[in-house]
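So you can see what is in the structure, the chains are spelled out below.
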Amino acid sequence: MIPEERTDDPGSGEESARLQPAGSVRKGHDPLAQTPHGRLQSRRAQVHQQINKELRMRTGAENLYRATSNAWVRETVALELSYVNSSLQLLKEELEELNGSAEVDRPEGEGVSVPMIPLGLKETKELDWSTPLRELISGHFGEDSASYEAEIRELEDLRQAIRTPSRGEAGLELLMAYYNQLCFLDARFIAPTRNLGLLFQWYDSLTGVPAQQRALAFEKGSVLFNIGALYTQIGARQDRSCPEGTRRAIEAFQRAAGAFSLLRENFSRAPSPDMSPASLSMLEQLMTAQAQECIFEGLLLPTEAPQGCLAQLLLAQEAAQVAAEYRLVHQTMAQPPVRDYVPFPWTTLVRVKAEYFRALAHYHAAAVLCDSPPAEVDCPALSQAFLGLPATPGPPGAAPQEQEGRRMLGKAHLKRAILGQEEALRLHAVCRALRSVDLLQAVLAQALRRSLARYSELDREDDFLEATEAPDIPPKTQQKPEIRAPSFSRVKVTDIFHRLGPLSVFSAKNCWRLVGPVHVTRGEAGFGLTLRGDAPVLIAAVIPGGPAAAAGLREGDYIVSLNGRPCKWWKHAEVVAQLKGVGDEGASLQVVTLLPRAEPPSTGEHRPALGALLRGQKECGRGPPAPGRASPRPLLGWSRKAKRGKTRGRLSPHP
């Protein structure tokens, strides 16, 4: 993996405890220093100390960045924050590798492959949800906020957990669960003209500069970004030397591209550079290119390796397709403003891969020319499309000459392959961060040695004339990567604040008033009303002159309490069964009436909270209101703009 993109430390404490033998005593030195696990543990401790030092430096730089108004100082501090963030990502990636390694040394026999680019997760600080949520629950919903302490604490614990998710499916499920809860919060507590009043702060993944915004959308977008970043880390960690590992890597990179695409389409005004449309477009292209690379690697596996002329041409086309994808990514990275904050090792590695896979395409084209029988290579369509040979084969007696032409053209393709691989090695040597990636150098050097060996086999002492320039290999793929959005539906969650009631009614986007308890007696034809819908049950019609009309119930009211029992979440059949079961004494109902959003709060006596009314209808002492129902004080109205003409609010659909 590339040192510039590092991941968070999901569980160093548990791993350290596992590696620490029971009962060991340290007196002045580490008794395990000479063992592999002892060296591993010592290095872990050193990395932890370095991380703490970098965190203190970052805190000081942040304070200076916020305190100063001097443009030059802010620019200097931003640059310093970028360096500190890079160091932190390096250290955290090293710590993650130490925590995830069962053995210190790399297992022998594992195939070498080109490293991928994983994306580091955005970091954030702790957040206090309690104050704004308590105010909303008591002020807008009319509930006792103290009774929702457990729900608020559950939300805060969930957010604390997503700050350091594990690098695997469990971490993805945790992030998706929090994202789904944020969607519930958005639907319930966010109004068009009001936010929660919280300041969400996240650190840029590429520069390390903190960004702040009060919109809940920034929190949702940052979590979605981390979901995509975690997918990139999962894809980069897969063992692509086996078909299953390659398949998982392809799936992970496709999901990452889908997350960044979803983020770009829905969160376009983020204050963080890594979430700008240009950056997200670049990341989407990068993940698509890496998925295409995994597709090509899957074709090279022993169980999937193609044979024959057409198969080698397929490999040449696939390699050319990967090279074309990386060239497109490099062009995007070189454009402002992306080039100002994309890590230099990323840009360099993308160029290295573009050169490497273009050279690989020429190598496979040379293999077709030099290894395949003449009858296969002389296919006019293939010769003209891919290899640059004449479309019309010569007479039968000219076979040796045709073979010589294939050899010379094969040398030309090998020459371009060698030049491309040498250029890839040169670019690798230019970047200091890439020079430390021994695996990448091994892959490039191995490919160059193979091309040179093949070229020496074809080279002859009497080759005084150089072959013409080999044509480019047209890119083509049999499997185009699909951009797949993360599957949020597979992580089932329950709205933490579901006790407040169904979102279709009980949300900050609506205002309502509570009426009741009202007593409804049974008449000869029943209660004189028609019910419809579930959770909450709606009074769809009221018969004029019937018991319900006399009690003051109106069409469009929602039943929230029946005989002292809250029934916000009851099904239609449950409410009907309860009403049918009452005797001649009738039933006691509480209902809420949705108010037009533009209706301002009226003056009048203060009404008790909705929760208190639901819990203690007998203590309220409210008699049945008159059928005309004078307009009382709206209990939970929030809109201050008055509009005329409308008397009833429009219901919101279920989210």
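Residues numbered from 1 in each chain as written. Predicted model: local features only at pLDDT ≥ 70, side-chain atom pairs only at ≥ 80, totals over all residues. Heavy atoms only, no water.

A. Looking closely at the overall build of the protein chain. Within the protein chain, the regular secondary structure consists of 20 helices and eight strands. Split into buried and exposed, the 655 residues of the protein chain put 51% on the buried side. In the protein chain, the proportion of contacts linking residues at least 24 apart, taken out of those at least 6 apart, comes to 79%. (Helix = DSSP H or I, 4+ residues; strand = E, 2+ residues; numbered from the N terminus. Buried < 20%, exposed > 50% of the residue type's maximum accessible area, 1.4 Å probe, protein only. Contact = heavy atoms within 4.5 Å.)

B. Here's a closer look at the nonpolar core. One finds Trp129, Phe189, Ile227, Leu286, Tyr326, Trp346 and Phe497 to be the most contacted residues of the largest nonpolar core, which totals 111 residues. It is helix H7 (residues 216-236) that provides the largest number of residues to this core, a total of eleven residues. Ignoring anything within four residues of it in the chain, the contact list for Leu286 reads Ile117, Tyr326, Val329, Met333, Trp346 and Val350. Of all hydrophobic cores here, the second largest spans 21 residues; its members include Val518, Leu531, Leu553 and Val575. (Core = buried A, V, L, I, M, F, W, Y, C linked by side-chain atoms within 4.5 Å.)

C. Structural detail: the packing of helix H11 (residues 344-371) against helix H16 (residues 438-458). One can describe the packing of H11 onto H16 by two numbers: an axis separation of 11 Å at closest approach and a directional angle of 30°. Our classification of the angle between H11 and H16 gives roughly parallel. Considering only the axes of H11 and H16, their crossing is left-handed. Residues Leu349, Val352, Tyr356, Leu360, Tyr363, Cys370 and Asp371 of H11 form the contact with H16, whose own contacting residues are Leu440, Val443, Leu444, Ala447, Arg450, Ser451, Arg454 and Leu458. Residue composition of the contact of H11 with H16, grouped by class: eleven nonpolar, one polar and three charged. (Axes fitted to C-alpha atoms, helices over the stretch in contact; angles between N-to-C directions. Parallel < 35°, antiparallel > 145°, perpendicular 65-115°, else oblique. Left-handed = near helix turned anticlockwise from the far one by under 90°. Nonpolar A, V, L, I, M, F, W, Y, C, P; charged D, E, K, R; others polar.)

D. Spotlight on unusual backbone geometry. The linkage connecting Pro336 with the following residue, Pro337, adopts the cis geometry, with an omega of 0°. Note on placement: Pro337 falls in the loop between helix H10 (308-333) and H11. Each neighbour pair has its own omega, and for Ala535 with Pro536 the value is -5°, a cis peptide bond. Tracing the sequence through the fold places Pro536 in the loop between strand S4 (529-532) and strand S5 (537-542). At Ala535, a residue that is not glycine, the phi angle is positive and equals roughly 40°. In this structure, Asn563 is a non-glycine residue whose phi angle is positive, near 55°. Counting through the fold element by element, Asn563 comes out in the loop between strand S6 (558-562) and strand S7 (565-566).

E. Molecular detail of the confidence of the model for the protein chain. This prediction gives the protein chain a mean pLDDT of 77; 75% of its residues lie at or above 70. Note that pLDDT drops below 50 for residues 100-110; the model gives that stretch six contacts with residues more than four away or on any other chain. Across residues 391-401, confidence stays below pLDDT 50; counting only partners more than four residues off in sequence or on other chains, it has five contacts. (pLDDT = per-residue confidence, 0-100.)

F. Just the side chain of Asp557, in detail. Position of Asp557 among the secondary structure elements: in the loop between helix H17 (547-551) and S6. In this structure the side chain of Asp557 is engaged in a polar contact, spanning 3.0 Å, whose partner is the backbone nitrogen of Arg554. A polar contact is formed between the side chain of Asp557 and the side chain of Thr593, at a distance of 2.6 Å. (Polar contact = N/O pair within 3.5 Å; in protein donor to acceptor, adjacent residues only side chain to side chain.)

G. Structural view of the pattern of salt bridges. In this structure the tally under the stated criterion is 28 salt bridges. Here Arg490 makes a salt bridge to Glu173, at a shortest N to O gap of 3.8 Å. With a gap of 317 residues between them, Arg490 in the loop between H16 and strand S3 (511-520) and Glu173 in helix H6 (residues 169-189) connect regions that are remote in the sequence. On the accessibility criterion, Arg490 (39% relative accessible area) is partly exposed. Put simply, Arg255 and Glu251 hold a salt bridge, and the shortest N to O gap is 2.7 Å. Remark: Glu251 and Arg255 occur in helix H8 (residues 243-266); sequence separation between them is four residues, near one turn of the helix. (Salt bridge = Lys/Arg side-chain N within 4 Å of Asp/Glu carboxyl O.)

H. Up close: the environment of Val591. Checked against the element boundaries, Val591 lands in strand S8 (residues 587-595). What makes Val591 buried here is its relative accessible area of 0%. Here the alpha-carbon distance between Val591 and Tyr558, two residues 33 residues apart in the chain, equals 5.2 Å. Beyond its immediate chain neighbours, meaning those up to four positions away, Val591 contacts Arg513, Leu514, Val515, Ile539, Leu553, Asp557, Tyr558, Ile559 and Val560.

I. The arrangement of the packing of helix H5 (residues 149-162) against H6 in detail. Where H5 meets H6, the axes come as close as 10 Å, and the angle between the chain directions of the two elements is 140°. As the angle between them shows, H5 and H6 are arranged oblique. In the crossing of H5 with H6, the sense of the turn from one axis to the other is left-handed. Touching Leu155, Leu158, Arg159, Ala161 and Ile162 of H5 are Leu174, Leu175, Ala177, Tyr178, Gln181 and Leu185, all from H6.

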